[in-house]
Amino acid sequence: MIPLLLKILGVKLDAAQEVSSAGMQLRQQNWLGWVVFIALLLAVYTWWVYRYLGGHRDLGKWRRIILAALRFLLLLLLLFILLRPVFSFTIDTHLRRTLIVLIDKSASMNIQDSRLADNDVKRAAIGKDFIHTLDQTVPQDKVPAVQHIARTELVKAVFANPTFNIIPQLKSRYDIEYLDFNRDVKPTSEEEALNAPPPEDDSSEATAIGDAIREVINRKRGQPVTGILLVTDGANNAGSEPIDAANAARQEHMPLYIYGVGITSPRDIIVDKLFTPEVAFLKDDVQVTVRVRGQSLDGEKARLSLRLDNTEVASKDLTFSGDDDEQVVPLTFTPDKAGLFDLSAAIPARDDETVKDNNAVTQRLRVIDSKIKVLFVEQTPRWEFRFIQSALLRDRRVDAKFLLLQGDPELAGAEGSPYIAKFPTDKQELFKYDLIIIGDVDPKVFSADDMANITEFVTKFGGALTFIAGKQFDPEYYAGTPFEKLLPVEISTSAVEGPADNPTTLALTPLGMTSSMLKLAADEQQSAAIWKRFPPIHWIARVGRAKAGAQVLLEDTDLAKASRSAKMPAMALQQYGVGQVLYIGTDDTWRWREDSGVAYYPLLWGQIVQRMALAHLLGASKKTQLSVDKETYAAGERVTVYARLYNQNFAPVQEPSVNGFYTSGSGPKQSVPLRALPGQAGMYRGEFVPVTPGTYKFYVESDPQTTIDVVVTKPRFELGETAMDESSLKEMARASGGVFFREENLADLTKSISQNDEKISRVIDADMWSSPFYLAIIVIVAVLEWVLRKRSELK
């Protein structure tokens, strides 16, 4: 009715305007009393004329009434003009603001969801405009078209859906800007945003929803933006937290209107991670842990297979429980040949799985055919020595020899005895060991040549050295000896802590939590929980702070022993020359064997020995040591490489920077500058980004023969979580002041966004008394009276 009235009165509105209220008003309302009085006089006059005057008396009753009514209406219309009537319209003008349409273009948007649940099929059918509500039934001939539709194809269908008519409605009110995102954000066209699939390059292999929202906020801060229409499946695996970005959007008055794409409970098996040592020993049991997830597979079974290259070496049958079941599966195998292998864990893909490319994970494994040679020197057979000795003798990877200075000399003479009679004075004999452990030994038993040989073993030949503190000598009596320089901690003036019945606990530092030698479970949090269950120790050596460049792995929790800068170190590791030195500040680790710790004690010492000795065992370069910060990388991920470099005299290289190179296959070598790390002589750091999967070799210009392999795999971020994260998306919408949508309520999208509009209201008066419409009414009434009077033969 109002649009017709506007058209009649000649009032025009543009697309951003709408009428919120309408009514009639009188501009000369103060004349209303006189007009009513005159109208009454005219009513009486008209009645008198048609009742008593002239030939009017001869007319029929109803004709006389009609003619009188027409005459009075004509006079009343003319009299009404004196009041100057107008139609008053309140017009709301929506400010022309910008709407940001932010489209997810990550690889997970290519997932073809297997829609098995009835409502999931109906939602896709609504998007395709086959049905309009969840109460309707999808025609059978349309089911195949939606049962396995890709998410990006569903987005395309939704925005082309004439029932929703989303884009035309939004365009009529807003200036629309299109952006797409995966790892990065970039402007795009409407055609590309709504219709193009995710790119096939590596940029699509990660989703940074939080970063994308923050980027929009930074670009549009202070500009008239009505909100952000975010189209995504919610799979976030990079960048900042999306909920924090949603809160920031609320502060900037940019609410998120989120269309969640995909299904919440897809059937999927995800072989997520594989945990195993980088190096294994021939004919030795290798412990492998695989993390497996099953989504919407309650009661279903699967078989996990572990393969070394193409040979299956272990397997296990699994049964999933619940809608989202995560299992940590332990497997064991024994390699029967040495070499470098691909160790893979896989589960065959099911026909009804959403994604079939995330059922396997692979890691490189080096199998070596040699044993770790350890020399353990101890003064007396204290408890710590006995239990460590027992653990080493049972470890098939270790060939351990023991020198007990106050032991029975005949120990070394027995056939097959692990004892030796004296400390090796010949360098060649000493340097055949990979690791030397020195317990609570009086430094006077070592000659000057012995200490020089031990120092040379570490600094120039890459050997490993471990000190285990004791109540008599180590480390207090090492002050002023060559051992003091080797220790990664500063010797205190009072090395022995108070009474033996004063228990204290040791805690992992952040570096300790990630250290391979102290990791007692596949997961860092589980490992930390095991460490917390260990009983307290009854003695710890008093030392000062760790030396510059040393890594503190364990620390004493007693604040009374802490220095101004840190807690007292209980285990510290440092690089010294080309070798490494470990300090353990207690001889009470044997107490950790209590209760459940009996299983972890040999594991702990086995890992300590392996971690310390491995570099020397594998024949690492004496002058060049290369390492990277991770075992494997995803394509496009930044690789950080470290180099510890020594010159011909085994002194640390002092150059401010050196050149490194990496190659892949037959491709050209790429240069990588490495810069010296402050305060760490001979230590350099550099970065590079491999863009394609493969095995890259890295080396430094001064020693091209020494290389390190960098394994780069295709990113799996997008396949680690295949379900649409509805709960997170709803929380983001709520936190930002916006709304979350699925296909069944997308018809309300435009209305929901418009409620956030800023409007300017103004009143428009359309003159009724001077309008053609009013004149037409007067003419019609006059003509009707004239025609009726002529037919009644009146003047």
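Above this text is the structure in question.
Before going into details, it helps to say that this report is about the structure given with it.

The rules we used
Numbers given for residues are sequential positions, taken from 1 along each chain in its written order. Local features in this predicted model are restricted to residues whose pLDDT is 70 or higher, and side-chain atom pairs enter the listing and the counts only when it is 80 or higher, whereas totals over whole chains, interfaces and linings include all residues. Think of the side-chain values as coming from all heavy atoms in the structure, minus any hydrogens and water. Only runs of H or I of at least four residues qualify as helices and only runs of E of at least two qualify as strands under DSSP, and these elements are numbered from the N terminus. This radius of gyration counts C-alpha atoms alone. The globule rule is 2.2 Å times how many residues there are, raised to the power 0.38. Residue exposure (1.4 Å probe, protein chains only): buried if accessible area is under 20% of the type maximum, exposed if over 50%, otherwise partly exposed. Should any heavy atoms of two residues lie within 4.5 Å, those residues are counted as being in contact. Per-residue accessibility takes into account occlusion by the displayed protein chains alone, with areas from the Shrake-Rupley method and a 1.4 Å probe. Positive charge is attributed to Lys and Arg, negative charge to Asp and Glu, and no charge count is given to His or to the chain ends. Where a charge sits is defined by one atom per residue type, namely NZ (Lys), CZ (Arg), CG (Asp) or CD (Glu). Pairing between strands requires that DSSP locate at least two bridges from one strand to the other. A fitted line through C-alpha atoms represents every axis, and for helices the fit uses only the stretch in contact; the resulting angles, taken between N-to-C directions, go from 0 to 180 degrees. Patch building starts from residues that exceed 30% relative accessible area and form no salt bridge, then joins like charges within 9 Å and nonpolar side chains (Val, Leu, Ile, Met, Phe, Trp, Tyr) within 5 Å. One speaks of a salt bridge when a side-chain nitrogen belonging to Lys or Arg is within 4 Å of a carboxyl oxygen belonging to Asp or Glu.

1. A look at the overall build of the protein
Alright, step 1. Looking only at helices and strands, one finds 20 helices and 35 strands in the protein.
Alright, step 2. Radius of gyration (C-alpha) of the protein: 43 Å, far over the 28 Å computed for a compact globule of 795 residues.
Alright, step 3. Counting only C-alpha atoms, the protein reaches 160 × 60 × 55 Å along its principal axes.
Alright, step 4. Scored against the burial criterion, the 795 residues of the protein give a buried share of 48%.
Alright, step 5. A sequence separation of at least 24 residues applies to 74% of the contacts in the protein between residues at least 6 apart.
Alright, step 6. With an accessible surface of roughly 38100 Å², the protein has 51% of that area assigned to carbon and sulfur atoms.
Alright, step 7. Of the charged side chains in the protein, 91 are positive and 102 negative; the average position of the first set lies 9 Å away from that of the second.

2. Thoughts on the environment of M517
Alright, step 1. Position of M517 among the secondary structure elements: in the loop between helix 15 (510-514) and helix 16 (524-533).
Alright, step 2. For the pair M517 and L603, spaced 86 residues apart in sequence, the C-alpha to C-alpha distance is 9.1 Å.

3. Comments concerning the pairing of strand 11 (residues 301-308)
Alright, step 1. Here eight bridges tie strand 11 to strand 12 (residues 311-319), and the two strands are oriented antiparallel to one another. Paired with L306 across the two strands is A314, which belongs to strand 12.
Alright, step 2. Where strand 11 hands over to strand 12, the hairpin turn is made up of two residues, of which D309 adopts a positive phi near 55°.
Alright, step 3. Where strand 11 lies against strand 14 (residues 339-346), four bridges are found, and the strand directions are antiparallel. What sits directly across from L306, in strand 14, is A345.

4. Notes on the sheet that holds strand 31 (residues 683-688)
Alright, step 1. Ordered in space as 26-28-31-30-29-32-33-27, the eight strands form an open sheet in which the pairing is mixed. Looking at which strands have only one partner, the edges of the open sheet turn out to be strand 26 (624-628) and strand 27 (632-634). Across the sheet, the axes of successive neighbouring strands diverge by a mean angle of 30°, strand direction being ignored.
Alright, step 2. Note: strand 29 (residues 657-664) against strand 30 (residues 670-676), six bridges, orientation antiparallel. Residue pairing for strand 30: S657 is matched across the bridge by R675.

5. Concerning a nonpolar patch on the surface
Alright, step 1. A cluster of nonpolar residues, L775, V779, V783, W786 and V787, forms a patch on the protein surface that exposes about 470 Å² of accessible area.
Alright, step 2. Turning to its location among the elements, V779 is positioned in helix 20 (residues 772-791).
Alright, step 3. Taking relative accessible area as the criterion, V779 reaches 41% and is therefore assigned partly exposed.

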